[in-house]
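Read off the chains here:
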Amino acid sequence: MSTTECDVLVVGAGIVGLGHALAAADAGLSVTIIDRDRRPVGASIRNFGHVCATAQTGTLRDLALGSRQRWLDVASRSGIGVRTGAGLAVARHIDELAVLDELAQTRGSVRPLTALDVRDEIGGAADGVVGGARLLDDLRIDPRTAVPTLAAWLAERDRVEIRWNTAYHGVDETQTPDVVVRTSRGAVRAGRVYVCVGHDLDTVAPSVTDEARVARCALSMMLTADPGIRIDPAVLTGTSLLRYEAFAQTAAATALGERLRARRPELMAADTNIMFTQRPDGGLLIGDSHHVEPTVDPFLDEDVADLIRREVSSVLGVDLTVVQRWQGVYASRPDGPYLTAELAPGVRACSVTTGVGMTVGLELGARHVADDLP
Ligand SMILES: Cc1cc2nc3c(=O)[nH]c(=O)nc-3n(C[C@H](O)[C@H](O)[C@H](O)COP(=O)(O)OP(=O)(O)OC[C@H]3O[C@@H](n4cnc5c(N)ncnc54)[C@H](O)[C@@H]3O)c2cc1C
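Named according to an unreviewed UniProt entry, the protein is FAD dependent oxidoreductase TIGR03364 originating from Gordonia humi. Listed in UniProt under the heading Cofactor (unreviewed entry), the comment for the protein reads: "FAD".

Draft legend 1. Representation of the site of the ligand within the structure. Residues in contact with the ligand amount to 35 residues; listed here are only the nearest, D35, S44, H50, Y168 and T359. R36 places a main-chain nitrogen or oxygen 3.1 Å from a nitrogen atom of the ligand. A distance of 2.9 Å separates a nitrogen atom of the ligand from a polar backbone atom of Y168. Contact with the protein chains removes 96% of the 1000 Å² of surface that the ligand exposes when unbound. Secondary structure elements with two or more residues in the shell around the ligand: α1 (15-26), α2 (43-46), β13 (215-224), β18 (322-332) and α13 (357-372). Its residues assigned to classes, the shell around the ligand comprises 16 nonpolar, 14 polar and five charged.

Draft legend 2. Looking closely at the domain arrangement of the protein. As assigned here, the protein comprises domain 1 (3-46 + 145-211 + 336-372) and domain 2 (87-137 + 215-332). For domain 1 versus domain 2, the distance between C-alpha centres works out to 31 Å. Residue-level contacts link 13 residues of domain 1 with 11 residues of domain 2. Each partner contributes to the roughly 870 Å² buried at the junction of domain 1 and domain 2, and carbon and sulfur atoms together form 51% of this total. For the pair domain 1 and domain 2, the number of links is two salt bridges. Between D200 and R216 there is a salt bridge whose closest N-O contact spans 3.3 Å. Our count for the contact surface shared by domain 1 and domain 2 stands at six residue pairs in polar contact (both at pLDDT 80 or more). Those elements giving two or more residues to the side of domain 1 that touches domain 2 turn out to be α2, α7 (201-204) and β20 (347-352). By residue class, the composition of the side of domain 1 that touches domain 2 is two nonpolar, eight polar and three charged.

Draft legend 3. Fine view of unusual backbone geometry. Here T176 and P177 are connected by a cis peptide whose omega angle stands at 15°. Position of P177 relative to the elements: it lies in the loop between β10 (168-171) and β11 (180-183). The peptide bond linking G287 to D288 adopts the cis configuration, its omega dihedral lying at -10°. Within the secondary structure layout, D288 lies in the loop between β16 (284-287) and β17 (291-293). Phi angles above zero are rare outside glycine, and N165 is one such case at about 55°. Classification of N165 as partly exposed rests on a relative accessible area of 22%.

About the criteria used
- Residues numbered from 1 in each chain as written.
- Predicted model: local features only at pLDDT ≥ 70, side-chain atom pairs only at ≥ 80, totals over all residues.
- Heavy atoms only, no water.
- UniProt positions renumbered as here; feature names shortened; annotations may be inferred.
- Near = heavy atom within 4 Å.
- Polar contact = N/O pair within 3.5 Å; in protein donor to acceptor, adjacent residues only side chain to side chain.
- Areas by Shrake-Rupley, 256 points an atom, 1.4 Å probe, with all protein chains shown as cover.
- Helix = DSSP H or I, 4+ residues; strand = E, 2+ residues; numbered from the N terminus.
- Nonpolar A, V, L, I, M, F, W, Y, C, P; charged D, E, K, R; others polar.
- Domains from an automatic or database assignment.
- Contact = heavy atoms within 4.5 Å.
- Buried area = accessible area lost by both parts, 1.4 Å probe.
- Salt bridge = Lys/Arg side-chain N within 4 Å of Asp/Glu carboxyl O.
- Buried < 20%, exposed > 50% of the residue type's maximum accessible area, 1.4 Å probe, protein only.

Pasting the structure below:
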């Protein structure tokens, strides 16, 4: 098979790979993207489509705010639909309200809402709401169409090519110092290579993932039929306030954690983050639970799925009919939200190792490409 050439080779057509490809294409470089599947089917289409910028801290907050701008920019160029000001935290207990109020004192993009405001946002039947907050830095996109649209739009640009059903087989070290990658459809010689294969990094660079203690996190997700309510923002609930750092670091989060551990052990045992977003056709993406293991069990636990469905039903005060279930998987490690490693000279791997790739992926890619530009 012949060897083709490009300035930048990107492996993986999820949001992280496309973030690198977008930045390289915008810098005027020729870009080839390869993906082992025939279309995006990884974590980037299995998620909530929530660009959760408001509740990040530190480096993740910087990356999230950078990505937020990049989403707005690329959405306007490619026709991807994007909602702004699109996070809503619903408080159903006074300790949840205390977390939101505490964060609102230092973060202007957290705007407290009354119970009435919240019920207006998620339908009049909402149950037990005591207040909430709008998360103004957040965006929401439709995960099932955004990444495929971005890939198709990139492929139409001059000097960008996507090769589907083409797997990465490693670096041809006999060609060093040239950077040549072996794929299932021939070799590619590139100025620079970005390996963005999500949780599959453990299959292509196991020594890197072993050293960084990367495992896989499996999440239980569902799509419901349209409940007949229009819900614009991504909706977070009490368990979410223990998951996202800016909430979890408030003093008030201690009491919330104690109550949930004592009163809702089933939610904590499944490591849930009960949240939901609405697709354009009205269906709700609802989830999720977390289970971390080096190789995850593919079987979905019906008890956990039912717990999630009942919990979202109870927030909205309506019965929900589940029409699809699936498992999402992302890379996870104990000490660091993303991993970047030089696999060989000119070959950089990048994997987001917590559940925020849609929130930070575009900016991560742009920073790597800017760092590596000649
Ligand atoms: C259920 C769920 C909900 C989530 N919700 C959110 C959310 O609302 N907001 C948020 O910010 N983040 C969320 N996340 C996290 C986010 O989805 C991920 O961090 C992000 O999608 C990872 O992107 P990626 O490009 O690294 O991986 P992927 O989207 O999995 O893409 C990797 C690509 O690499 C390809 N590939 C793998 N191996 C090879 C190979 N050898 N050769 C060629 N190609 C290969 C795969 O086919 C795949 O297309 C969620 C994740 C899950 C699972």
